[in-house]
Amino acid sequence: MLKLIALWGAGLLLSAIAALAVAYWYSLSLPGESFTGPPPPLTDEEHHLAQRLRRHVTAIASEPHNIVHYDALEKSAVYIEAELRALGYEPVSQAYDVDGKSVRNISVEIAPQDAGPATPSLVVGAHYDSYGNAPGANDNGSGSAAVIELARLLKDMPLKDKRLRLVLFVNEEPPYDRTPDMGSYRFAKQLKDNGEKLIGMVSLETIGAFSDQPGTQKYPPPFDLIFPDVANFVALVALPGGRSFLHEFVASFRGHTKIPTIGGTAPDFIDGIGWSDHWAFYMFGYPAIMITDTALFRYPEYHTPSDTPDKVDYDKLAHITQGVAATVRDLLQ
């Protein structure tokens, strides 16, 4: 009898180990190899890109800008629209009223001439509002600047049967996050109501803070037991349903980007996994991922008045922007 109990216990232990191994593989395995070591010096082209990114972050996120700071929010929106028009686009505003104020998402598209609702789309976006009294240079002037520069880098990309939507979202920050007043929720709902098919959605969220010092990176459990404590990487994460899209994106991104990468697929209850605009698309059944420096898990200035343009690493932001541009080209060809 004792022998049977021991065998039964051993079987349970092996089953548990196997289940953990499968969960680890499903959640954290990614295609390709992460870049290691310091990134190479910027090329002349990347240096100019870094300068443009700095200019955008400074213009959009040098002061708090949200519904409470409405004039500054409007100033940021007008700047974004002017920059996109200067590139030859005609930005589309998705305006709606919240708490007695008119706010808007701003989008442009690159599409074949015969594009319609049946044309599969890739959405790449970032929110341009800031939290409370924070200027929001990294959160999320960095992502907003990258979207503007993606519009420049991808402007002449020839497309046959797919469409790219580049979007600057409003109202990602509390108290509107994860509510129908969130800009990305409004945008995703509009796509769903129109029957638009998505290849996937990519949220560029807080992507400008890095350090090579040990102890600079924290994680929500259980990832603190797995990943390194040096904040020198960018993370690419998916909510459930986005794993295949994440793998397709990472396979290309790692081939183009000279910055270390980690990531995986995890449920929304893990802290940080759903804290951006990709959550809204996930709620409408679209595959959605986030690219992030992990925000509060490494960035002490997160959601504080100290989140100013001088804190952003523009060289690494340029590397990431170039990598996203090259990956988007791969996905849409």
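Below is a summary of the structure that appears in this document. (Residues numbered from 1 in each chain as written. Predicted model: local features only at pLDDT ≥ 70, side-chain atom pairs only at ≥ 80, totals over all residues. Heavy atoms only, no water.)

### Describing helix α8 (residues 314-332)
Okay, so step 1: The end-to-end C-alpha distance of α8 is 27 Å, a good match for the 27 Å that 19 residues give at a rise of 1.5 Å each.
Okay, so step 2: Among the residues of α8, the N-terminal cap falls to D313, whose side-chain oxygen and the backbone nitrogen of D315 are separated by 3.3 Å. (Helix = DSSP H or I, 4+ residues; strand = E, 2+ residues; numbered from the N terminus. Expected span 1.5 Å × (residues − 1). Polar contact = N/O pair within 3.5 Å; in protein donor to acceptor, adjacent residues only side chain to side chain.)

### Focus: unusual backbone geometry
Okay, so step 1: Between D139 and the following residue, N140, the backbone shows a cis peptide bond with an omega angle of 10°.
Okay, so step 2: Omega for the bond connecting P221 with P222 falls within 30 degrees of zero, at 5°, which places this linkage in the cis form.
Okay, so step 3: Along the chain, P222 turns up in the loop between β5 (198-205) and β6 (234-238).
Okay, so step 4: With a phi close to 60°, T206 is a non-glycine residue in the positive phi region.
Okay, so step 5: Mapped onto the elements of the fold, T206 is located in the loop between β5 and β6.

### Notes on the pairing of strand β2 (residues 101-110)
Okay, so step 1: Of all 10 residues that make up β2, seven are buried, and the element is covered over most of its length.
Okay, so step 2: Summarising the sheet, strand β1 (residues 92-98) and β2 pair through seven bridges and their orientation is antiparallel. In the strand pairing of β2, Y96 is matched with V103.
Okay, so step 3: Hairpin geometry of β1 and β2 is characterised by an intervening segment of two residues between the two adjacent antiparallel strands and by a positive phi of about 50° at D99.
Okay, so step 4: Inspection of the sheet shows β2 paired to strand β4 (residues 163-169) by five bridges, in the antiparallel sense. Looking at the pairing, S107 lines up with V167 of β4. (Buried < 20%, exposed > 50% of the residue type's maximum accessible area, 1.4 Å probe, protein only. Pairing = 2+ DSSP bridges.)

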